[in-house]
Amino acid sequence: MAQVVLKDVVKNYGDVYAVNHVSLTVEDGEFVALVGPSGCGKTTTLNLVAGLIPMSGGTISIGDRDVTDLDPKDRDIAMVFQNYALYPQKSVYKNLAFPLQMRKLPKDEIDKRVQAAAKTLDIVHLLERKPRELSGGQQQRVALGRALVREPRAFLMDEPLSNLDAKLRVQMRSEIKRFHQDLNATIIYVTHDQLEAVTMSDKMAVMNGGFLQQYDSPANVFANPVNMFVASFVGSPAMSLVPLTAVTKGTDVVLASPEGWELPLNAANAKKALSAKSNKVVLGGRHSTIKVHKAQVPGSVPGKVYTVEPTGDVTFAQVFVSGAVVNVSVDPTFLLRPDEPVFIEFDQNRMHLFDGETEMALKLAD
Amino acid sequence: MTAITEAAVTQRKGAGGWRWSGRIFLLLLLGFTVMPMIWMFITSLKTGFAAMQYPPQWWPSEPTLENYWRLIDPSGSVGRDFVQYFLNSVWVSTLTTILAVVVAVPAAYAFSRFRFPGRTFLFFAVLLRNMFPAVVFLVPLFILMKALGLVNTHGSLILTYLTFGLPLAIWLLKGFYDNIPVQLEQAARIDGATRFQAFFLIVMPLSTPGIIATSIYSFIGAWNEYIYAYTFLTRHDQMTLPVGIQRFFSENATDWPGLMAATFMMSIPVVVLFLVLQRYFVRALTEGAVKH
């Protein structure tokens, strides 16, 4: 296994930049998720690492080798595709043997490795079958097997779970995670599902519009999103964002809404709010840090219930606050009705503030 | 018993009515296509006299294979000519097919996979040739072949047939390649194959049904072609079957049984090709080779 380093990688089609100056380092044995909405450049980035499309600029190295100008076959990587890309005319055995045959390994060595990979993935009984005779989950395993059999320097995975049904996806999710732990493999994993990224990866690279937005551990991305895009993309339900105006009142700073209510900020938040480029400040809060009251309490702001979604353990609700939708969660015994007026209390220590102009997170200067 | 039968009949009447009218229609259509062939075969078994009898005999009173022996007997002049025409046809059709496939496979693959400037225009230009009736090009092509010194050679026919066969072949094969996910080649390239190996080891085998279907279309097109062969070839030893068997017509009389026997022989290779390879057609139609 090896380290993968992307340096200032660019892929453009004329004026359209699919990947815009992306730099990131995947450490040896690390599981990195490239995550973002469709069209964000994550799959293009993966294809650049694989060498399937030519780069417009920058360099990529795998291990101590610069692979920027190498063919895919010379990069010593393995890839798992969204549609598995199993060779339909070949049996499972031959699918697994193909990468080894291409590397001209002796026959008995090929057999040994194929059997070993098949055993690891519990597909020994499927070796003589053709891919079309397998279920989706089995095809997925064969695709993993074909990647595993060669002992490559890095694994690339392009949305490998998105063609599976929900139940199987959860099962395969833990199997891939196990696969990573057992092999101590370097994995770059593309997904549009932030939950997959959060649950599986050591680090996640959040992309949007061809730009790398944030590259950090899921916990840090979750706790300290660098901008409004990351804040609203990671977490389910999404972080709620309410655009407000920062107003200084004597020694206090409050966030004022067009409706006339004001939310006083504590000292740290006040300092953050004042560091914004203009007085436009966006208040962000995750559902777990927001309390819902039926009557006004100090520090709470008025809202109106929009929808109520009981899930059993917890009831999610959407509340309109100053025209924005705020996701909240309450105990199932706390009954809410649509259109009911409620009061929302943000946790001052865990709320997020963003610059309304630049959409970047407001931080205290160190 | 009757009650059950009646119930079953009433139950199925709605769909059954359509089914039966459909079957009757197909039966009529079948008769329409098969009758001439049967009549061709029956006539080929008759003597010259019996063939002209009126009212016609549905089955000859003295069936004979004499007409067939005459065609394949190398000692007679008819036999010598017929065998020569047959070999000429096989040569021209086979070479046309091989050349068409050899050129069409990479061309179709390129049209399917690569985005290059002028791709749409070129693809349309390729098909343009097939949007005109064949006769339109007869005189221009004859002049061209004359200038190239190709008149009275099989090369003139092969080149001409390629101008029809190749666009069709490219168009058919492109459809096949479009249906093969590009990820298969990408997987192969990552697994250690060169671009060419990925095509040759993974994509080509998957497009075999398409290549076979394309080959048959090309072969039949060349095998049956008449007007160009009639125009470009004047020497007897060069003629292909469709032109050659015209010699059974003469100014005074037509050897109908001989003509029918020759026509029947001519249709045999095509029928055999279809019978042997029809499973590829079916597979090409039903399987689609890969799941998306």
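Values in this document were obtained by computation on a predicted structure and should not be read as measured data. Each residue is numbered by its place in its chain's sequence as written, counting from 1. Throughout, the order in which chains and ligands are written sets their labels, letters from A for the former and numbers from 1 for the latter. With the structure being a predicted model, the display of local features is reserved for residues of pLDDT at least 70 and the display and counting of side-chain atom pairs for 80 or more, all residues being used for whole-chain, interface and lining totals. Water and hydrogen atoms play no part in the side-chain values, which are based on all heavy atoms of the structure.

A.B. asks: How would you summarise the overall build of chain B if you had to cite specific residues and measurements?
C.D. replies: The helix count covers DSSP runs of H or I at least four residues long, the strand count covers runs of E at least two residues long, and both are numbered beginning at the N terminus. Looking only at helices and strands, chain B features 13 helices and zero strands. Start at the N end of chain B and walk to the C end: the helices and strands fall as α-α-α-α-α-α-α-α-α-α-α-α-α. Burial statistics for chain B: of 292 residues in total, 39% are counted as buried. Contacts are residue-level and defined by heavy atoms, with any inter-residue pair within 4.5 Å sufficient. Nonlocal contacts in chain B, meaning residues at least 24 apart in sequence, comprise 70% of its contacts between residues at least 6 apart. Accessible areas in this description were obtained via Shrake-Rupley with a 1.4 Å probe; residue shielding takes into account the shown protein chains only. Per element, the accessible surface of chain B, about 17,000 Å² overall, is 72% carbon and sulfur. Exposure is judged per residue with a 1.4 Å probe applied to protein chains only, and the accessible area is read against the type maximum: over 50% gives exposed, under 20% gives buried, and values in between give partly exposed.

A.B. asks: Go over the overall build of chain A, please, and point to the residues and values.
C.D. replies: A tally of helices and strands in chain A yields nine helices and 20 strands. Dimensions of chain A along its principal axes, counting C-alpha atoms only, are 80 × 45 × 35 Å. By residue count, 51% of the 366 residues in chain A fall in the buried class. Counting contacts in chain A only where the partners sit at least 6 residues apart, residues at least 24 apart contribute 66% of the total. Entry remark: accessible area of chain A is about 16,400 Å², with carbon and sulfur atoms responsible for 50%. Asp and Glu are treated as the negative residues and Lys and Arg as the positive ones, with His and the ends of the chain left uncounted. By convention, the charge on Lys lies at NZ, on Arg at CZ, on Asp at CG and on Glu at CD. In chain A, which carries 39 positive and 41 negative side-chain charges, the distance between the mean positions of the two groups comes to 5 Å.

A.B. asks: Account for the sheet that holds strand β15 (residues 290-293) of chain A, naming residues and giving values.
C.D. replies: All names here are of chain A. Strand pairing requires that DSSP identify at least two bridges connecting the strands. The strand order β15-β19-β16-β17-β18 describes an open sheet built from five strands, whose pairing is antiparallel. Every interior strand has two partners, whereas the edge strands, β15 and β18 (324-330), have only one. The average angle at which neighbouring strand axes cross in this sheet is 45°, direction not considered. Here six bridges tie strand β16 (residues 300-310) to strand β17 (residues 315-321), and the two strands are oriented antiparallel to one another. Counted as the bridge partner of Val308 is Ala317 from β17. Lines are fitted to the C-alpha atoms to define the axes, a helix being fitted only along its stretch in contact, and any angle between axes, read from their N-to-C directions, falls within 0 to 180 degrees.

A.B. asks: Report on the confidence of the model for chain B, specifying residues and quantitative values.
C.D. replies: Residues and elements named next belong to chain B. Note: pLDDT gives the predictor's confidence per residue, expressed from 0 to 100. Counting all residues, the mean pLDDT for chain B is 84, and 90% of those residues have values of 70 or more. Averaged over each element, pLDDT in chain B is lowest for helix α2 (residues 48-52) (76) and highest for helix α8 (residues 182-190) (93). A low-confidence stretch, residues 287-292 stays under pLDDT 50, and its non-local contacts, those more than four residues away or across chains, total 14 contacts. Across the interface, the model reports ipTM at 0.84; the global pTM reads 0.80.

A.B. asks: So, the environment of Lys271(A): which residues are in play, and what are the values?
C.D. replies: The topology assignment puts Lys271(A) in helix α9 (residues 267-274). The spacing of Lys271(A) and Ala365(A) is 94 residues in sequence and 9.3 Å in space, taken between C-alpha atoms.

A.B. asks: I'd like a description of the pattern of salt bridges, backed by residues and values.
C.D. replies: Salt bridge criterion: a side-chain nitrogen from Lys or Arg within 4 Å of a carboxyl oxygen from Asp or Glu. Taken as a whole and assessed by the stated rule, the structure comprises 19 salt bridges over all chains. Linked by salt bridges that have partners in common, Asp76(A), Arg146(A), Arg150(A), Arg153(A) and Asp191(B) make up one network.

A.B. asks: I'd like to hear about the pairing of β17(A), residue by residue, with values.
C.D. replies: Residues and elements named next belong to chain A. With five of its seven residues buried, β17 lies for the most part within the structure. Here β16 hands over to β17 after four residues, with Gly312 in that stretch at a positive phi of 110°. Two strands pair when backbone bridges link them, and β17 and β18 are joined in this way by seven bridges, in the antiparallel orientation. The residue bridging Val321 from the neighbouring strand is Ala324, located in β18.

A.B. asks: Hey, could you go over the sheet that holds strand β11 (residues 240-249) of chain A for me, with residue numbers and the actual values?
C.D. replies: Residues and elements named next belong to chain A. One open sheet holds the five strands; their spatial order is β13-β12-β11-β14-β20, and the pairing between them is antiparallel. Both outer strands of the open sheet, β13 (262-264) and β20 (352-355), are each paired with one neighbouring strand and no more. Neighbour-to-neighbour, the strand axes of the sheet open up by a mean angle of 40°, direction not taken into account. Of the pairings in the sheet, the one linking β11 to strand β14 (residues 280-285) comprises six bridges and is antiparallel in character. Bridged to Leu244 within β14 is Val281.

A.B. asks: A description of the interface of chain B and chain A should follow, citing residues and the corresponding values.
C.D. replies: With 21 residues of chain B in contact, the opposing surface of chain A contributes 24 residues. Interface of chain B and chain A: buried area, both sides summed, is about 1,900 Å²; carbon and sulfur atoms make up 63% of it. The quantity reported as buried area is the accessible area (1.4 Å probe) lost by two parts once they are put together, taken as the sum for both. Among the residues chain B hides against chain A, the three largest losses belong to Arg189(B), Ile190(B) and Asp191(B). Together they make up 36% of the total. Between the two partners, chain B and chain A, sit two salt bridges. The definition of a polar contact used here is a pair of N or O atoms within 3.5 Å, where within protein one atom must be able to donate a hydrogen and the other to accept one, and adjacent residues in sequence count solely through side-chain atom pairs. Between the two partners, chain B and chain A, sit eight residue pairs in polar contact (both at pLDDT 80 or more). Elements supplying a minimum of two residues to the side of chain B that touches chain A: α8 and α9 (195-206) of chain B. Looking at the side of chain B that touches chain A, the element that brings in the most residues is α8(B), giving seven residues. Across the side of chain B that touches chain A, the residue classes tally to twelve nonpolar, five polar and four charged. Each residue is assigned to one of three groups, with Ala, Val, Leu, Ile, Met, Phe, Trp, Tyr, Cys and Pro labelled nonpolar, Asp, Glu, Lys and Arg labelled charged, and all others, Gly among them, labelled polar.

A.B. asks: Can you lay out the domain arrangement of chain B for me, pointing to particular residues and giving the numbers?
C.D. replies: Residues and elements named next belong to chain B. What marks off one domain from the next here is an automatic or database domain assignment. Considered domain by domain, chain B is made up of domain 1 (2-44) and domain 2 (76-287). Computed over C-alpha atoms only, the centres of domain 1 and domain 2 are separated by 36 Å. Summing both sides of the interface, domain 1 and domain 2 together bury roughly 480 Å²; the carbon and sulfur share of this comes to 87%. Looking only at domain 1, the three residues that lose the most surface to domain 2 are Met40, Thr43 and Ser44, adding up to 84% of its buried area. Across the contact surface, domain 1 and domain 2 share zero salt bridges. Taken together, the connections running from domain 1 to domain 2 amount to zero residue pairs in polar contact (both at pLDDT 80 or more). Class assignment for the residues of the side of domain 1 that touches domain 2 results in two nonpolar, two polar and no charged.

A.B. asks: A description of the packing of helix α5 (residues 119-128) of chain B against helix α7 (residues 154-178) of chain B should follow, citing residues and the corresponding values.
C.D. replies: Residues and elements named next belong to chain B. Between α5 and α7, the least distance of the axes is 8 Å, while the angle of their chain directions is 130°. The angle between the axes of α5 and α7 places the two elements in the oblique class. Along the contact surface, α5 presents Arg119, Phe123, Val126 and Leu127, while α7 presents Pro167, Ile170, Trp171 and Lys174. Comment on the angle field: the value is read as roughly parallel under 35 degrees, roughly antiparallel over 145, roughly perpendicular from 65 to 115, and oblique elsewhere.

A.B. asks: Describe in detail unusual backbone geometry, supporting the description with residues and values.
C.D. replies: Peptide bonds are trans in most cases, and residues, glycine excluded, mostly fall at negative phi. Residue and element names in this part refer to chain A. Here the amide bond leading from Ser236 into Pro237 is cis, since omega sits at 0°, within 30 degrees of zero. In this structure, Glu159 is a non-glycine residue whose phi angle is positive, near 45°. Inspection of the secondary structure puts Glu159 in the loop between β7 (154-158) and α5 (166-183). Unlike most non-glycine residues, Glu359 shows phi in positive territory, near 65°.

A.B. asks: Summarise helix α4 (residues 136-148) of chain A; cite the residues concerned and give the values.
C.D. replies: Under the 1.5 Å per step criterion, the end-to-end length of α4(A) is 18 Å for 13 residues, consistent within 8% with the ideal 18 Å. Burial analysis of α4(A) places eleven of its 13 residues in the buried class, which makes it a mostly covered element. Of the surrounding elements, those touching the buried residues of α4(A) are β6 (77-80), α2 (92-102), α3 (107-120), β7 and α5 of chain A together with α8 of chain B. The span one expects for a helix is its residue count, reduced by one, times 1.5 Å.

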